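# Fold and contact review
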Amino acid sequence: MRYVSTRGGGEPRSFADVLLDGLARDGGLYVPEAWPVLPPLADLRGRSFAEIAVAVTWPFIDGAIERLDYERIVDEAYATFDVPEVCPVIPIGTLPSGAPLHLLELYRGPTLAFKDVALQLVGRLFDHVLSLRNERICVLGATSGDTGSAAMDACAGLDRVDAFILFPAGRTSEVQRRQMTTLTAANLCAVEIPGTFDDCQDLVKAAFADTSFRDDVHLAAINSINWARVMAQITYYVTAHLAVRDDDGPVSFVVPTGNFGNVLAGWVAARGGLPVDRLVVASNRNDVLTRFFTTGTMSLAEVVPTTSPSMDIQVSSNLERLLFEVLDRDGPAVAELLGRFRGEGAVSVTGAVLDALRSEFDCGRLDDESAARVIRDVHHRTGLLLDPHTAVGLGVAEELADGGPLSDPEVPVVCLATAHPAKFPDAVEGATGIRPALPERLGDLFDLPERIARAEADLADLEDLIRQRLG
Ligand SMILES: *Cc1c(COP(=O)(O)O)cnc(C)c1O
């Protein structure tokens, strides 16, 4: 399998190159040269999560790693999860339309967020490929909260990796921050930036654009611009389908969305033949995607802090991969569109392109008050506590079931539960009066000392900090 840039530049690259590089040299994102077809569902039924992960993702890797090594790495990655199913599916009743409703629990990994599913694999893949090549990398990433802890956990103690994670001051939950700042491995550094997540992400992009710095320190990306993360997330769309249907009929998925990485993996699964009816993009008040899919216009807006901070994003990087497809893989057209967006703060698509987007995605948004009501209702009805991100998805599902795209009673709906409620205890307690407890293994999080580095939202300042630490 070879990979090309969404902006059309450069030569095709291997999986190992794309894994280590993240962002293409022309500023684009890597996508496979062709979309592989998934194995038939009947062949996957009854197999373990790790076995299905290998079967589903192998075509993306083929040629870069030995199959037996890959099987071992996948096994080790998913052995870190708290439950043998890795990503369990929980029935939670029906939607008002009568459609069966399920939660896909993606938060049973080491840091309690769905990002572990991809990053536990990606960290191990880094290690493997770097030792084959006898190289080192410096991972640089931005986080709105969950990526940081998941990335740092995945990189902790790796011999050939240093990791710098930028987070926006005061905009992550305390649990999220402590999960980053209390890790003790010497190769990890959490960097607080005065600003928003988008400021952090812009700094990361600027560092990657500074080619001499990038080559000097061997920068690698761990944000969901890294293709390997999207790839790893394809697996749970397949396992969820297997869990809610015993035939090849359709399933709809509702995905709380920020950077568009998670829902894009669902799109890749559908593209590979998974029977998906609707893919729903659920946003909080930071609704750039919902506005885009509704009107065809993408316009910059201020980021508003919400109770679901991992979705407080107004520039969704992975949308570029979808735009590349709906623009018929015309790299220069993608570059032109995104250049105009950056320059003018708004850009529109119309006609066939907008139709193509709408034929594949539905969308909805939910404000904090409604998300709190969903948390309260679900707790009353089922005894389950939802985190605020998951609640945004569920609330949007309920709205779209009311005569909308999720109203077919024959199509099961799977809502992706993206974080453990104890990662966002204030929002959950505010909604239900109950403060969710962290799993026992994280019980001492609030007693451990924190290590925080600080940099201005300024590229030179950040580069200094990184060079100094690398020595
Ligand atoms: C990262 C995250 C999201 C958003 O996922 P994207 O892949 O960026 O769309 C949603 N919920 C939680 C809890 C997250 O950590």
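Our structure is the block above this text.
Residues numbered from 1 in each chain as written. Predicted model: local features only at pLDDT ≥ 70, side-chain atom pairs only at ≥ 80, totals over all residues. Heavy atoms only, no water.

### Things to note about the environment of Ser 149
This is how the line gets drawn: Note on conventions: DSSP H or I runs of at least 4 residues are helices, E runs of at least 2 residues are strands, and numbering of each starts at the N terminus. Two residues form a contact once any of their heavy atoms are found within 4.5 Å.
Along the chain, Ser 149 falls in helix 6 (residues 146-155). For the pair Ser 149 and Val 86, spaced 63 residues apart in sequence, the C-alpha separation works out to 19 Å. Setting aside anything within four residues of it in sequence, one finds Ser 149 in contact with Thr 111, Gln 176, Gln 179, Met 180 and Lys 423.

### Describing the sheet that holds strand 2 (residues 13-14)
Which entries qualify depends on this criterion: Two strands make a pair as long as DSSP finds a minimum of two bridges between them.
Ordered in space as 2-1-3, the three strands form an open sheet in which the pairing is antiparallel. Two strands close off the open sheet at either side, each with one partner strand: strand 2 and strand 3 (30-32).

### Structural notes on the site of the ligand
Using the following cut-off: The cutoff for a nearby residue is simple: one of its non-hydrogen atoms must lie within 4 Å of the molecule or strand. Pairs of N or O atoms are called polar contacts if they sit within 3.5 Å, as long as, within protein, a hydrogen donor faces a hydrogen acceptor (for residues adjacent in sequence, only side-chain-to-side-chain pairs). Exposure was quantified through the Shrake-Rupley algorithm and a 1.4 Å probe, taking into account, for residues, occlusion by the shown protein chains and nothing else.
Around the ligand, 15 residues are found, and the nearest of them are Lys 115, Asp 146, Gly 258, Asn 259 and Thr 418. Here an oxygen atom of the ligand sits 2.7 Å away from a polar atom, N or O, in the main chain of Asn 259. Gly 261 has a polar backbone atom sitting 3.3 Å from an oxygen atom of the ligand. Protein contact buries 98% of the 380 Å² of open area that the ligand shows by itself.

### What about the pairing of strand 8 (residues 188-193)?
Test applied: With a 1.4 Å probe rolled over the protein chains alone, any residue whose accessible area is under 20% of its type maximum counts as buried; one over 50% counts as exposed, and the rest are partly exposed. A crossover counts as right-handed when, viewed with the strands pointing away from the observer, the path leading from the first strand over the helix to the second turns clockwise.
With respect to burial, strand 8 is a largely interior element, six of its six residues being buried. Pairing analysis gives six bridges linking strand 7 (residues 161-168) to strand 8, with the strands arranged parallel. Counterpart to Ile 165 in the pairing with strand 8 is Ala 190. Handedness of the crossover is the feature at issue here: the chain leaves strand 7, passes through helix 7 (residues 174-181), returns alongside strand 8, and the resulting connection is right-handed. Pairing between strand 8 and strand 16 (residues 453-454): two bridges, direction parallel. Each residue of the ladder has a partner; that of Glu 192, found in strand 16, is Arg 454.

### Examining the packing of helix 12 (residues 288-295) against helix 13 (residues 319-326)
What counts is decided by this rule: Every angle, taken between N-to-C directions, lies between 0 and 180 degrees, and every axis is a line fitted to C-alpha atoms, over only the stretch in contact when it is a helix. Any angle between 65 and 115 degrees counts as roughly perpendicular, while under 35 counts as roughly parallel, over 145 as roughly antiparallel, and the rest as oblique. Take the far helix as the reference: if the near one is turned anticlockwise from it by less than a right angle, the crossing is left-handed, and if turned clockwise, right-handed.
Viewed as axis vectors pointing N to C, helix 12 and helix 13 meet at an angle of 15 degrees, and their least axial separation amounts to 13 Å. Taken together, the axis directions place helix 12 and helix 13 in an arrangement best described as roughly parallel. Once helix 12 is placed against helix 13, the crossing between them reads as left-handed. Facing Leu 289, Phe 292 and Phe 293 of helix 12, the residues of helix 13 in contact are Leu 319, Leu 322 and Leu 323.

### Overview of helix 16 (residues 368-382)
Convention followed: By this rule, a helix spans an expected 1.5 Å times one less than how many residues it contains. Think of the arc as the fan of directions from the helix axis to the C-beta atoms.
For helix 16, which comprises 15 residues, the first-to-last C-alpha distance of 21 Å matches the rise-based estimate of 21 Å (1.5 Å per residue) to within 8%. Of the residues making up helix 16, those classed as buried are Ser 370, Ala 371, Val 374, Ile 375 and Val 378. Viewed end-on, helix 16 has its buried residues packed into an arc of 145 degrees, placing them on one side of the element. Away from the buried face of helix 16 by more than 90 degrees, exposed residues Glu 369 and His 380 are located. In this structure, the buried side of helix 16 is in contact with helix 17 (388-401) and helix 18 (425-432). The positive-phi residue at the C-terminal boundary of helix 16 is Gly 383, with phi of around 80 degrees.

### Let's talk about the state of the cysteines
In plain terms, the rule: What counts as a disulfide here is a pair of cysteine sulfur atoms lying within 2.5 Å.
Considering all chains together, one arrives at zero disulfides under this definition. The cysteine Cys 155 is free of any disulfide, with Cys 138 supplying the nearest cysteine sulfur at 10 Å. The exposure class of Cys 155 is buried, given its relative accessible area of 0%.

### Description of the side chain of Thr 306
Structurally, the position occupied by Thr 306 is in the loop between strand 12 (297-299) and helix 13. Thr 306 sits in the buried class, given a relative accessible area of 13%. At 2.9 Å, the side chain of Thr 306 and the side chain of Asn 284 are in polar contact. Of the polar contacts made by the side chain of Thr 306, one reaches the side chain of Asp 312; its length is 2.7 Å.

### A short note on the pairing of strand 11 (residues 276-283)
Among the eight residues that make up strand 11, seven are buried, leaving the element largely enclosed by the rest of the structure. Both strand 10 (residues 251-256) and strand 11 contribute to a ladder of five bridges, which runs parallel. Bridge pairing links Val 254 to Val 280 in strand 11. Handedness of the β-α-β unit built from strand 10, helix 11 (residues 261-271) and strand 11 comes out right-handed. Two elements, strand 11 and strand 14 (residues 361-365), share five bridges in a ladder whose sense is parallel. Bridge assignment links Ser 283 to a residue of strand 14, and that residue is Arg 365.

### What to know about the sheet that holds strand 14
Pairing is mixed in the open sheet, where six strands are placed in the order 4-5-15-10-11-14. Both edges of this open sheet fall to strand 4 (89-94) and strand 14, since each of them pairs with a single strand only. Across the sheet, the mean angle separating the axes of adjacent strands is 25 degrees when strand polarity is ignored. The sheet strands contacting helix 11 are strand 10, strand 11, strand 14 and strand 15 (413-417), and the helix crosses strand 11 at an angle near 170 degrees.

### Quick notes on the pattern of salt bridges
To keep it simple, the criterion reads: Note on definitions: salt bridges are taken to be side-chain nitrogens of Lys or Arg within 4 Å of carboxyl oxygens of Asp or Glu.
With the rule as written, the count across this model stands at 30 salt bridges. As a salt-bridge pair, Glu 325 and Arg 271 come within 3.9 Å of each other at their nearest N and O atoms. Highlighted residues: Glu 325 in helix 13 and Arg 271 in helix 11, separated in sequence by 54 residues. Classification of Glu 325 by relative accessible area gives buried; the value is 11%. For Arg 271, a relative accessible area of 45% puts it in the partly exposed group. Residues Arg 435 and Asp 426 are paired through a salt bridge, measuring 3.0 Å at the closest nitrogen-oxygen approach. Relative accessible area serves as the criterion here: at 44%, Arg 435 is assigned to the partly exposed category.

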